[in-house]
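# Commentary on secondary and tertiary structure
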Amino acid sequence: MNTQRTPFVGSNWKMNTNAQEGFALIDAIGGLMQDGGVDVAVFPPFPYLMGIGERIKGGILLGAQDIWHNGNGAFTGEVSAEMLNDCGVNTVLTGHSERRHVIGESDELVNLKTKRVLESGLTAVLCIGELLEEREAGETDAVNERQIRAGLAGISEEQLGKVVLAYEPVWAIGTGKTATPEDAQNAHAAIRALICGMYSPAAGGAMRIIYGGSMKPSNAGELMAMTDVDGGLIGGASLKADDFYGIIEAARGSLVG
Ligand code: PGA
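Numbering of residues begins from 1 in every chain and follows the order in which that chain's sequence is written. In keeping with the model being predicted, local features are shown solely for residues with a pLDDT of at least 70 and side-chain atom pairs are shown and tallied solely at 80 or more, while totals for entire chains, interfaces and linings include all residues. Values reported for side chains reflect all heavy atoms of the structure, with hydrogen atoms and water molecules removed beforehand.

A word on the overall build of the protein. A run of H or I in DSSP becomes a helix once it reaches four residues, and a run of E becomes a strand once it reaches two; helices and strands are each numbered from the N terminus. Summing up its helical and strand segments, the protein has 12 helices and eight strands in all. Dimensions of the protein, computed from C-alpha atoms along their principal axes, come out at roughly 45 × 45 × 35 Å. To sort residues, take the accessible area from a 1.4 Å probe on protein chains only and compare it with the maximum for the residue type: under 20% means buried, over 50% means exposed, and anything in between is partly exposed. Relative to its full complement of 257 residues, the protein shows a buried share of 52%. Note on contacts: a residue pair qualifies if any of its non-hydrogen atoms lie within 4.5 Å across the two residues. Long-range pairs, those at least 24 residues apart, make up 72% of the contacts in the protein between residues at least 6 apart in sequence. Here the accessible surface of atoms and residues is derived via Shrake-Rupley with a 1.4 Å probe, and residues count as covered only by protein chains that are part of the display. Working note: accessible area of the protein is about 10700 Å², and carbon and sulfur atoms make up 51% of it. Only four residue types enter the charge count: Lys and Arg as positive, Asp and Glu as negative, with His and the chain ends excluded. Charge positions are represented by NZ for Lys, CZ for Arg, CG for Asp and CD for Glu. In the protein, 19 side chains carry a positive charge and 32 a negative one; their mean positions are 2 Å apart.

Moving on, we come to helix α5 (residues 107-119). A helix's residues, less one, multiplied by 1.5 Å, set its expected span. Between its first and last C-alpha, α5 extends 18 Å over 13 residues, near the 18 Å set by a 1.5 Å rise per residue. Those residues of α5 that fall on the buried side of the exposure criterion are Asp 107, Val 110, Asn 111, Lys 113, Thr 114, Arg 116, Val 117 and Leu 118. Following α5 by one or two positions, Gly 121 adopts a phi angle in the positive range, close to 80°.

With 16 residues, helix α12 (residues 241-256) should cover 22 Å at 1.5 Å per step; its first-to-last C-alpha distance of 23 Å lies within 8% of that length. Listed as buried for α12 are Ala 241, Phe 244, Tyr 245, Ile 247, Ile 248, Ala 250, Ala 251, Arg 252 and Ser 254. Packed against the buried residues of α12 are β1 (8-12), α1 (19-32), β2 (39-43), α11 (217-224) and β8 (231-234).

Within the secondary structure, Gly 59 is located in the loop between α2 (49-55) and β3 (61-64). The exposure class assigned to Gly 59 is exposed, which follows from its relative accessible area of 65%. When the C-alpha atoms of Gly 59 and Val 40 are compared, they prove to be 7.6 Å apart, with 19 residues separating the residues in sequence.

A word on the side chain of Lys 14. Tracing the backbone through its elements, the reader meets Lys 14 in the loop between β1 and α1. A polar side-chain atom of Lys 14 sits 2.8 Å from a polar atom in the side chain of Glu 98. Setting aside its immediate chain neighbours within four residues, Lys 14 contacts Phe 43, Pro 45, Gln 65, His 96, Glu 98, Ile 173 and Gly 235. For this analysis, a polar contact is any N or O atom pair within 3.5 Å, provided that within protein one partner can donate a hydrogen and the other can accept it, and provided that sequence-adjacent residues contribute only side-chain to side-chain pairs.

We now examine the sheet that holds β2. Strand pairing follows a simple DSSP-based rule, namely that at least 2 bridges must link the two strands. A barrel is described by the order of its strands in space; here eight strands give the closed sequence β1-β2-β3-β4-β5-β6-β7-β8, paired in parallel fashion. Averaged over all adjacent pairs, the angle separating strand axes in this sheet is 25°, with direction ignored. Across two bridges, the pairing between β3 and strand β4 (residues 91-94) is parallel. Residue pairing in the sheet places Ala 64 in a bridge with Val 92 of β4. Simply put, an axis is a line fit to the C-alpha atoms, just over the touching stretch for a helix, and the angle between two N-to-C directions goes from 0 to 180 degrees.

Okay, the nonpolar core next. Of all hydrophobic cores here, the largest spans 63 residues; its most connected members are Val 42, Leu 152, Leu 160, Leu 165, Tyr 211 and Met 224. In terms of residue count, α12 provides more of this core than any other element does, seven residues in total. Buried Ala, Val, Leu, Ile, Met, Phe, Trp, Tyr and Cys residues that are joined via side-chain atoms within 4.5 Å together make up what is termed a nonpolar core. Of all hydrophobic cores here, the second largest spans 10 residues; its members include Phe 8, Phe 43, Ile 210 and Leu 233.

So, on to the packing of α5 against helix α7 (residues 140-151). Between α5 and α7, the least distance of the axes is 8 Å, while the angle of their chain directions is 45°. Judged by the inter-axis angle, α5 sits oblique to α7. Counting all contacts with α5, which are made through Asp 107, Asn 111 and Thr 114, the residues of α7 involved are Arg 146, Gln 147, Ala 150 and Gly 151. Residue polarity follows a fixed list, in which Ala, Val, Leu, Ile, Met, Phe, Trp, Tyr, Cys and Pro are nonpolar, Asp, Glu, Lys and Arg are charged, and the others, Gly among them, are polar. Across the contact of α5 with α7, the residue classes break down as one nonpolar, four polar and two charged. Our angle categories are set so that under 35 degrees counts as roughly parallel, over 145 as roughly antiparallel, 65 to 115 as roughly perpendicular, and the remainder as oblique.

Quick look at the packing of aromatic side chains now. Only centres within 6.5 Å qualify two rings of Phe, Tyr or Trp (six-membered ring in Trp) as a pair; their planes then separate them into stacked at under 30 degrees, edge-to-face at over 60, and tilted for everything else. Taken as a whole and judged by the stated rule, the model has two aromatic pairs. When the centroid spacing of 5.8 Å and the interplanar angle of 45° are considered together, the rings of Trp 68 and Phe 75 count as tilted. Since its relative accessible area comes to 18%, Trp 68 is described here as buried.

With that settled, the discussion passes to the environment of Lys 240. Tracing the sequence through the fold places Lys 240 in the loop between β8 and α12. Distance in space between the C-alpha atoms of Lys 240 and Tyr 211 is 19 Å, their sequence separation being 29 residues.

Before going further, it helps to spend a moment on the side chain of Arg 116. Counting through the fold element by element, Arg 116 comes out in helix α5. Residues in contact with Arg 116, not counting those within four places in the same chain, are Ile 67, Trp 68, His 69, Asn 70, Gly 71, Ala 81 and Glu 82.

Turning our attention to the site of the ligand. Near the ligand, the surroundings consist of 13 residues, among which Lys 14, His 96, Glu 168, Gly 174 and Ser 214 are the closest. Separating an oxygen atom of the ligand from a side-chain N or O atom of Lys 14 is a distance of 2.7 Å. Ser 214 is positioned such that a nitrogen or oxygen atom in its backbone is 2.8 Å from an oxygen atom of the ligand. When isolated, the ligand has an accessible area of 280 Å², and the protein chains bury 96% of it. Class assignment for the residues of the shell around the ligand results in four nonpolar, seven polar and two charged. Near is defined per residue: the residue qualifies when any heavy atom it owns lies within 4 Å of the molecule or strand.

See below:
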């Protein structure tokens, strides 16, 4: 972790919890929170956003797992930026691997959604990362580059200030397999160099690049000790308040240590 960048730690609940469990989780995380140093966001399922928003405390940011790329209108089943703003959402995930590879979202749709997030004054956490077969074929950096160039198409350097990039190797998500700190660092350094080239060294230097894929309290410290790893996006381990808080503490620890 580079101390010039504020770490970002996100809790992606995916399609988990019921209302009662979600409220208990946000209460427990809020009760543990200490001031400052780390940006912390939770991404509950859509139906619980308002309820969670009313209970949230300790400076935790409210996030959404998805967005539709048009304004309100005839888009049955979708959720607009206006609705998310109304619920107090501050941050939105785009390009998560489950949306790309399970739901079938294209690079182009991810780009439209990311632009919509930024035009609406929200922060985008744009997720990228390679499949196992792409990794084995030595294509990790090429896949990341393709997804970043497509995902950020038409986004200005000014808007980039409200983008966090989440490098999430697909083979590590929900599998218990984590990238080694060295592998994560290599991928993150290549991503930062790409942003420096696409925009400017200042933009690349300021960009927060977080890691996701089976991060837990026991491996968060070594991952976030890497120069270019600026936090984490956590699924499974973030459904337990103590484990999620352990990862927040690891992020804080990486700032001083
Ligand atoms: P995981 O999920 O921590 O359960 O691997 C991470 C993610 O999908 O963001």
